[in-house]
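Analysis of the macromolecular model
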Amino acid sequence: MKGAVELFDIVGLFVVLSQNIGKGDLKILIAGVGWSMAEMLTMRLLPLWVGARGIEFSWKYIQLSFEANISLVHHIIMAALIWMWTRHNVDKSVQPLTISLLLAMSWKMILLQLVSTMFQVSTIAILGINVLSTILVGFITTQLYINLCLNDRTWSKYN
């Protein structure tokens, strides 16, 4: 089920990024922040609002807020990868890396749940793995964006 939701996220981000809403870096920021805000409102706001206001404190609400921040970075990375995937001036030899990073980001939560169930890993460890994998893919995506888009002399022409 989560794989289908991630597929719809990719298609939705593709549709949003194909609109003429501004230059490339602004498109990435608008699509990523907007999409993660929509996910936060639909999936995390009510449990956080109702549960965190209760009398008893639970660490799961702190973890939920960390997951919301990771989700924000996740959606910005997804928007950047989709934007680079749809560019015509990007070298075709980099497309397999972009597609593999996009697939890795879309299947990340399913793989984390699989690791959690198979190896009985705690939720804090899964959160740490989630943070590290998001930072790693984010760093690679940022390097791709800098090297392929910002250093390209024709980049400003295709924005």
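This text goes with the structure placed above it.
Report on the accompanying structure.

Thresholds applied
As a convention, each chain's residues are numbered from 1 in the sequence order in which they are written. Local features in a predicted model are, by the rule used here, given only for residues with pLDDT of at least 70; side-chain atom pairs are given and counted only at 80 or more, and totals for whole chains, interfaces and linings are based on all residues. For side-chain calculations, the full set of non-hydrogen atoms in the structure is used, while hydrogens and water are omitted. Helix and strand assignments follow DSSP, with helices taken as H or I runs no shorter than four residues and strands as E runs no shorter than two, numbered in order from the N terminus. A 1.4 Å probe rolled over the protein chains alone gives each residue an accessible area, and that area as a share of the maximum for its type sets the label: buried under 20%, exposed over 50%, partly exposed in between. The span expected for a helix works out to 1.5 Å for each residue beyond the first. By the convention used here, residues are in contact when the closest approach between their heavy atoms is within 4.5 Å. What counts as an axis is a line fitted to C-alpha atoms, over the stretch in contact for a helix, and the angles between N-to-C directions run from 0 to 180 degrees. An angle below 35 degrees is read as roughly parallel, one above 145 as roughly antiparallel, one from 65 to 115 as roughly perpendicular, and any other as oblique. Each crossing is labelled by how the near helix is turned from the far one, with a counterclockwise turn of less than a right angle marking it left-handed and a clockwise turn marking it right-handed. All residues other than Ala, Val, Leu, Ile, Met, Phe, Trp, Tyr, Cys, Pro, Asp, Glu, Lys and Arg, Gly among them, are scored as polar; the first ten of these are nonpolar and the last four charged. Aromatic pairing here means that ring centres of Phe, Tyr or Trp (its six-membered ring) are within 6.5 Å. Orientation follows from the plane angle: under 30 degrees is stacked, over 60 is edge-to-face, and everything else is tilted. Here the arc refers to the directions that run from the helix axis out to each C-beta atom. Like charges within 9 Å and nonpolar side chains (Val, Leu, Ile, Met, Phe, Trp, Tyr) within 5 Å are joined into patches, using only residues over 30% in relative accessible area that form no salt bridge. Where accessible areas are quoted, they stem from the Shrake-Rupley method and a 1.4 Å probe; at the residue level, only the protein chains shown are allowed to cover. For this analysis, a salt bridge means a side-chain nitrogen from Lys or Arg found within 4 Å of a carboxyl oxygen belonging to Asp or Glu.

**Quick look at the overall build of the chain**
When its secondary structure is counted, the chain shows seven helices and zero strands. Across the chain, helices and strands are ordered from the amino to the carboxyl terminus as α-α-α-α-α-α-α. Out of the 159 residues belonging to the chain, those deemed buried represent 33%.

**Observations concerning helix α5 (residues 108-119)**
In an α-helix, one full turn covers 3.6 residues, which means residues spaced three or four apart are oriented alike. Between the first and last C-alpha of α5 there are 16 Å, a value that for 12 residues agrees with the 16 Å anticipated at 1.5 Å per step. Looking at the residues trailing α5, positive phi occurs at Q120, about 50 degrees.

**Brief notes about the side chain of H75**
Among the structural elements, H75 can be located in helix α3 (residues 59-86). For H75, a relative accessible area of 2% translates into the label buried. In this structure H75 touches D9, L13, G32, W35, S36 and E39, once residues within four positions along its chain are discounted.

**Quick word on the environment of P47**
By the element assignment, P47 lies in helix α2 (residues 24-52). As for P47 and Y61, which are separated by 14 residues in sequence, their C-alpha atoms are 8.3 Å apart.

**As for the packing of α3 against helix α4 (residues 95-106)**
At their nearest, the axes of α3 and α4 sit 10 Å apart, and the two run at 150 degrees to each other. On the basis of the axis angle, α3 is roughly antiparallel to α4. Crossing handedness for the pair α3 and α4: left-handed. Here α3 contributes H74, I77, M78, L81, I82, M84 and W85 to the contact with α4, which in turn contributes Q95, T98, I99, L101, L102, M105 and S106. For the contact of α3 with α4, the residue count by class is 10 nonpolar, four polar and no charged.

**Looking at the packing of aromatic side chains**
Under the definition given, this model contains one aromatic pair. Ring geometry for W83 against Y145: centres 5.8 Å apart, planes inclined by 55 degrees, an arrangement best described as tilted. You can see W83 sitting in helix α3 and its partner Y145 sitting in helix α6 (residues 123-150), a full 62 residues away along the chain.

**Section: α4**
Counted at 1.5 Å a residue, the expected span for α4 with its 12 residues is 16 Å, and the 16 Å between its end C-alpha atoms agrees. Every buried residue belonging to α4 is among Q95, T98, L101, L102, M105 and S106, and all of these are buried. Taken around the axis of α4, the buried residues stretch over an arc of 135 degrees, which confines them to a single face.

**Notes on unusual backbone geometry**
Even without a glycine there, the phi angle at Q120 is positive, about 50 degrees. For Q120, the position within the fold is in the loop between α5 and α6.

**Some details on a nonpolar patch on the surface**
Residues L7, V11, F14, V15, W85, I99, L103, W107, L111, L114, M118 and F119 make up a contiguous nonpolar surface patch of about 1,200 Å² in total accessible area. Broken down by secondary-structure element, the contributors of at least two residues to the nonpolar patch are α1 (2-17), α4 and α5. Structurally, L114 is set in helix α5.

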